[in-house]
Amino acid sequence: MPQQISTGTACVAVHSPDAVVHAGLVSSLKHDHRVQEVPPERIHEADAVVAAFDTVDATALEQLRTLSDRPDTRFLLIAGRHWRADVSAAIDRGVRAVLWRDAFTPAAFVRTLLTVADGGGSFPPTLQGTLMEQVRWTHREVLAPRGLTASGVSPRELDVLRLVSEGRELSEIATKLCYSERTVKYILYGLMKRLQLRNRAHAVSYAIRAGLI
């Protein structure tokens, strides 16, 4: 995954059940002015939270929730011997980067932390491959049979949204797409109901923010 390197100071919280590992991680940050450690009681101020686990599994992911219940918390996991977690579930828990412990260096640690703090992500190639397979399976087995894309929006819904964003009237959209005006209304209002969008302007705004149009 591409990395985005921040040039500012990142506030970081560090967690590890192993005191020696915790001390080593903190020591790796001490001499870099771009990173500032915050204590556990101020974890809500952290731009990124580091969590080290020997084995990353469902239990480890559940522990992340106890560290911070903020939905926008970004985690960097330092993973030891085993990865036994669902990659998609890890991302849902806020994991934005993973470093293998046996490939750990202070420089890579700080670089990845800054990436995460700046909103980016970094996963080892093996986990990227697993994630891509999960996405591929979801598209093939779940979305495609329902006529949806990975965004949860069908191609014809995207066509209608794109034309609405250009200021076209429903009658113009119907002519352009060779649909009846009633069909265009059905497509548009079905999308709005499913995604809980208030009106056409809200639908267009959603599509732009999601990068769909």
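Predicted model only: the values in this text are computed from it and were never measured.

Parameters and conventions
- Residues numbered from 1 in each chain as written.
- Predicted model: local features only at pLDDT ≥ 70, side-chain atom pairs only at ≥ 80, totals over all residues.
- Heavy atoms only, no water.
- Axes fitted to C-alpha atoms, helices over the stretch in contact; angles between N-to-C directions.
- Helix = DSSP H or I, 4+ residues; strand = E, 2+ residues; numbered from the N terminus.
- Parallel < 35°, antiparallel > 145°, perpendicular 65-115°, else oblique.
- Contact = heavy atoms within 4.5 Å.
- Nonpolar A, V, L, I, M, F, W, Y, C, P; charged D, E, K, R; others polar.
- pLDDT = per-residue confidence, 0-100.
- Expected span 1.5 Å × (residues − 1).
- Buried < 20%, exposed > 50% of the residue type's maximum accessible area, 1.4 Å probe, protein only.
- Arc of directions from axis to C-beta.
- Pairing = 2+ DSSP bridges.
- Right-handed = clockwise from strand over helix to strand, strands pointing away.
- Salt bridge = Lys/Arg side-chain N within 4 Å of Asp/Glu carboxyl O.
- Core = buried A, V, L, I, M, F, W, Y, C linked by side-chain atoms within 4.5 Å.

Caption draft 1: Spatial organisation of the packing of helix α6 (residues 155-165) against helix α9 (residues 200-209). In contact at an axis separation of 10 Å, α6 and α9 are set at 110 degrees when each is read in the N-to-C sense. Judged on the interaxial angle alone, α9 and α6 are roughly perpendicular. Of the residues in α9, those touching α6 at L161, V164 and S165 are R200, A203, V204 and A207. Split into classes, the residues belonging to the contact of α6 with α9 amount to five nonpolar, one polar and one charged.

Caption draft 2: The arrangement of the confidence of the model for the protein in detail. For the protein, per-residue confidence averages 84 on the pLDDT scale, and 91% of positions sit at 70 or higher. Below pLDDT 50 for its whole length, residues 1-7 participates in 20 contacts with residues either more than four positions away or in separate chains.

Caption draft 3: Seen up close, helix α8 (residues 181-194). With 14 residues, α8 extends 20 Å between its outermost C-alpha atoms, agreeing within 8% with the 20 Å of an ideal straight helix rising 1.5 Å per residue. Where α8 is concerned, the buried positions are V184, I187, L188, L191 and M192. Seen from one end, α8 has its buried residues packed into an arc of 125 degrees, which puts them on one side. Pointing more than 90 degrees away from the buried face of α8 are the exposed residues R182, Y186 and K193. Elements in contact with the buried residues of α8: α6, α7 (170-177) and α9. Q196 occupies a position one or two residues after α8 and carries a positive phi of about 60 degrees.

Caption draft 4: Inspection of the pairing of strand β3 (residues 48-56) at higher detail. In terms of burial, β3 is a largely internal element, seven of the nine residues being buried. Note that strand β1 (residues 10-15) and β3 share four bridges and pair parallel. Within β3, the residue paired with A13 across the bridge is V49. With seven bridges joining them, β3 and strand β4 (residues 75-83) adopt parallel strand pairing. Following the sheet pairing, F53 is matched in β4 by A79. Handedness of the β3-helix α2 (residues 58-67)-β4 crossover: right-handed.

Caption draft 5: Examining the pattern of salt bridges more closely. Throughout the structure, instances matching the rule amount to nine salt bridges. Here R162 and D159 are joined by a salt bridge, their closest N and O atoms 3.2 Å apart. Here R162 and its partner D159 are both found in helix α6, three residues apart, which amounts to about one turn of the helix. Several salt bridges converge on common partners, so that one network encompasses E62, R65 and R93.

Caption draft 6: The nonpolar core, seen in detail. Formed by 25 residues in total, the largest nonpolar core has its most connected members in V56, L64, L77, W83, V95 and V98. In contact with V95, other than residues within four places in its own chain, are L61, L64, F75, L77, A90 and F123. By size, the runner-up hydrophobic cluster in this structure holds 20 residues, among which are A10, V14, L25 and V35.

Caption draft 7: Region of the structure containing the sheet that holds β1. An order of β2-β1-β3-β4-β5 is seen for the five strands of this open sheet, with the pairing classed as parallel. What marks the edges here is a single partner per strand, and that holds for β2 (35-37) and β5 (95-100). The sheet shows a mean angle of 30 degrees between the axes of neighbouring strands, direction not considered. Most of the contacts of helix α4 (residues 106-117) go to β5, to which it runs at about 170 degrees, and overall it touches β1, β2, β3, β4 and β5.

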